[in-house]
Amino acid sequence: MSVTENNVSEALREGAVIPAASRAERFTSYDVEAFEVPGGREENWRFTPMKRLRGLHDGSATATGEITLDAEAAPELKIESVGRDDERLGAAGVPSDRIAAQAYSAFTKATVVTVPKETKASKPSVLRIHGPGEGQVAYGHLQVRAEAFAEAVIVLDHVGSGTYAGNVEFVIGDGAKVTVVSVQDWADDAVHVSEQHLKLGRDAALRHTVITLGGDLVRVSPTATFADKGGDVEMLGVYFADQGQHQEHRLFVDHAVPNCKSRVMYKGALQGDDAHAVWIGDVLIRAAAEATDTYELNRNLVLTPGARADSVPNLEIETGEIEGAGHASATGRFDDEQLFYLQSRGIAEEAARRLVVRGFFHEILVKIDVPEVRERLEAAIEAELEAVGA
């Protein structure tokens, strides 16, 4: 049943959570004022600690600084700084919440990275985004374009301090094959809210990996859409929330055309008081999307008391003519049987716990095609386990 404006107002007065409508009806706009200021009880915001957003959601966070972008790119790529009037901007998707719309209306310069048609990049390209600095606020926009039959590996590496909101677009042309790794390795003070738009052309393939390690509050919302038949998207994620950190990942896969495939797998570990991880996975198969093949999975490993993980997979199907669809979610502590087995083989408890955690993440780690990023992530996981004494 749909929620009317009167019902919404009444729900807010009574302190209830506003139920979510179908994702097919979700509202999008470039206009900030088209979105109401969220109060934290809306379905899209109910897990987010609003006071820690530093005003990004209500218009009070005005830009006081800028991000800087350093590129270590393959020579085949073209990198441009463009103005707001560049007609390519917005090609992958439209903001679906107030912060994304605020970011879109507030940036002054955007970066466009293009992989030319029928070009295979000779090496992975790293785009390192530095925050505006402690106590500063910045907005930004980045678009990655892979033209028809292009191939590339691109790493977005977010580091530094400050408050940063932005939109990232991935426009994947017909027959292109792209691997993207988005790393959020912020300093402890940072707040980062990012909406990432993934649009795949005919027979395009995209592996999109999100790695979240640092920051006070990080909220990443990837949305995948298909422009034509044959698209194949794999969305992977690894996150490790430490004491006091809030890490939120909200995914939406919108199947609106036939014969497309999506796979989603996110895994996270949590430790320390008030460590909080949120994973929302929405998949919509519209009536026209016959022969869709989709599956999503989320796993959370809670390492210490005081940590909390929320996991909500959602699947909407509007046609019965599909190849397959499913989802799974689980949150738990160490498997005592696994620990017992390892200890019975003479492995000390501390070493056994480390092996369990490494094994938990291994399924995704082996899919990260950039050795430097994979080794960095393995080292970060090891450092986290050292901190907790596991």
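Calculation criteria
- Residues numbered from 1 in each chain as written.
- Predicted model: local features only at pLDDT ≥ 70, side-chain atom pairs only at ≥ 80, totals over all residues.
- Heavy atoms only, no water.
- UniProt positions renumbered as here; feature names shortened; annotations may be inferred.
- Pairing = 2+ DSSP bridges.
- Helix = DSSP H or I, 4+ residues; strand = E, 2+ residues; numbered from the N terminus.
- Axes fitted to C-alpha atoms, helices over the stretch in contact; angles between N-to-C directions.
- Contact = heavy atoms within 4.5 Å.
- Buried < 20%, exposed > 50% of the residue type's maximum accessible area, 1.4 Å probe, protein only.
- Polar contact = N/O pair within 3.5 Å; in protein donor to acceptor, adjacent residues only side chain to side chain.
- Phe/Tyr/Trp six-rings, centres within 6.5 Å; stacked < 30°, edge-to-face > 60°.
- 1 Å grid on protein atoms, 1.4 Å probe; cavity = no way out; pocket = protein on both sides within 12 Å on 5 of 7 lines; lining within 4 Å.
- Points joined across faces, edges and corners; volume = space filled by probe spheres on them.
- Nonpolar A, V, L, I, M, F, W, Y, C, P; charged D, E, K, R; others polar.
- Expected span 1.5 Å × (residues − 1).
- Salt bridge = Lys/Arg side-chain N within 4 Å of Asp/Glu carboxyl O.
- pLDDT = per-residue confidence, 0-100.

In the nomenclature of an unreviewed UniProt entry, the protein chain corresponds to Fe-S cluster assembly protein SufD from the organism Amycolatopsis pretoriensis. Its UniProt record gives the protein chain a comment under Sequence similarities (unreviewed entry), which states: "Belongs to the iron-sulfur cluster assembly SufBD family."

A. Summary view of the sheet that holds strand S12 (residues 232-241). The strand order across the open sheet built from nine strands is S1-S4-S6-S8-S10-S12-S14-S16-S18, with neighbouring strands paired in mixed fashion. In the strand order of this sheet, the two ends are held by strand S1 (68-72) and strand S18 (324-332), each with one partner. For this sheet the average axis-to-axis angle between neighbouring strands, irrespective of direction, equals 10 degrees. Lying on the sheet, helix H4 (residues 349-365) is in contact with S12, strand S14 (261-270) and strand S16 (293-302); it crosses S14 at an angle near 160 degrees.

B. Quick look at helix H2 (residues 98-106). Most of H2 sits out of view: seven of its nine residues are buried. Among all positions in H2, only Arg98, Ile99, Ala100, Ala101, Gln102, Ala103 and Tyr104 are buried. At the N-terminal end of H2, a side-chain oxygen is found 3.1 Å from the backbone nitrogen of Ile99, two or three residues along, and the residue is Asp97.

C. Up close: the environment of Ile67. Along the chain, the position of Ile67 falls in the loop between helix H1 (5-14) and S1. Taking C-alpha positions, Ile67 is 9.9 Å from Ser161, a pair spaced 94 residues apart along the chain. Not counting chain neighbours up to four residues away, the residues in contact with Ile67 comprise Ile129, His130, Pro132, Ala138 and Tyr164.

D. Representation of the sheet that holds strand S5 (residues 137-146) in the model. Strand order in the open sheet formed by nine strands is S2-S3-S5-S7-S9-S11-S13-S15-S17, and the pairing between neighbours is mixed. This sheet does not close on itself; its edge strands, each paired only once, are strand S2 (78-83) and strand S17 (308-317). The average angle at which neighbouring strand axes cross in this sheet is 10 degrees, direction not considered. Sheet topology places strand S7 (residues 163-172) next to strand S9 (residues 191-200); ten bridges connect them, and they run parallel.

E. Representation of the packing of aromatic side chains. Inspection of every chain in the model, using the stated rule, returns seven aromatic pairs. Ring geometry for Tyr104 versus Phe107: centroids 5.6 Å apart, planes at 85 degrees, classification edge-to-face. Given the relative accessible area of 11%, Tyr104 is considered buried. Since its relative accessible area comes to 1%, Phe107 is described here as buried. A centroid spacing of 6.4 Å and a plane angle of 35 degrees characterise the contact between Phe240 and Phe361, whose relative ring orientation is tilted.

F. Expanded view of the side chain of Glu296. If you trace the backbone, Glu296 turns up in strand S16. Glu296 sits in the buried class, given a relative accessible area of 2%. In this view, Glu296 contacts Val264, Trp279, Gly281, Asp282, Val283, Pro313, Asn314, Gly326, His327 and Ala328; residues no more than four positions away in its chain are not counted.

G. Representation of the layout of surface pockets in the model. Here the second largest pocket is characterised by a volume of approximately 430 Å³. Along the wall of the second largest pocket there are 26 residues; nearest its centre are Ile67, Lys109, Tyr139, Gly140 and His141. Going through the elements one at a time, S1, strand S3 (109-115), S5, S7 and S9 are the ones with two or more residues in the lining of the second largest pocket. The element that contributes the greatest number of residues to the lining of the second largest pocket is S5, accounting for five residues. Along the lines of polarity and charge, the residues of the lining of the second largest pocket split into twelve nonpolar, twelve polar and two charged.

H. Layout of H4. For H4, spanning 17 residues, the distance from its first C-alpha to its last is 24 Å, which sits close to the expected 24 Å at 1.5 Å a residue. When we look at burial in H4, the residues that qualify are Ala352, Arg354, Val356, Val357, Phe360, Phe361, Ile364 and Leu365.

I. Quick peek at the pattern of salt bridges. Scanning the entire structure with this criterion turns up 21 salt bridges. In this structure, Arg52 engages Asp216 in a salt bridge whose closest nitrogen and oxygen atoms are separated by 3.2 Å. Remark: Asp216 occurs in the loop between strand S10 (205-212) and strand S11 (217-226) and Arg52 occurs in the loop between H1 and S1; sequence separation between them is 164 residues. With its nearest N and O atoms 2.8 Å apart, the salt bridge here joins Arg207 to Glu234. One end of the pair, Arg207, is in strand S10; the other, Glu234, is in strand S12, with 27 residues separating them in the sequence. Within this structure, Glu72, Arg128, Asp157, Asp185 and Arg376 form a network of salt bridges that share partners.

J. View of the confidence of the model for the protein chain. Considering every residue of the protein chain, the mean pLDDT works out to 92; 93% of them sit at 70 or more. For the stretch residues 1-13, pLDDT sits under 50, and the model shows eight contacts to residues farther than four places along the chain or on other chains.

K. Up close: unusual backbone geometry. Despite not being glycine, Arg54 shows a phi value in the positive range, around 60 degrees. Checked against the element boundaries, Arg54 lands in the loop between H1 and S1. Positive phi, normally seen in glycine, also occurs at Glu118, with a value near 55 degrees. Note that Glu118 resides in the loop between S3 and strand S4 (125-130).

L. Representation of the environment of Leu69. Along the chain, Leu69 falls in strand S1. With residues up to four places along the chain from it excluded, the contact list for Leu69 reads Thr111, Leu127, Arg128 and Ile129.

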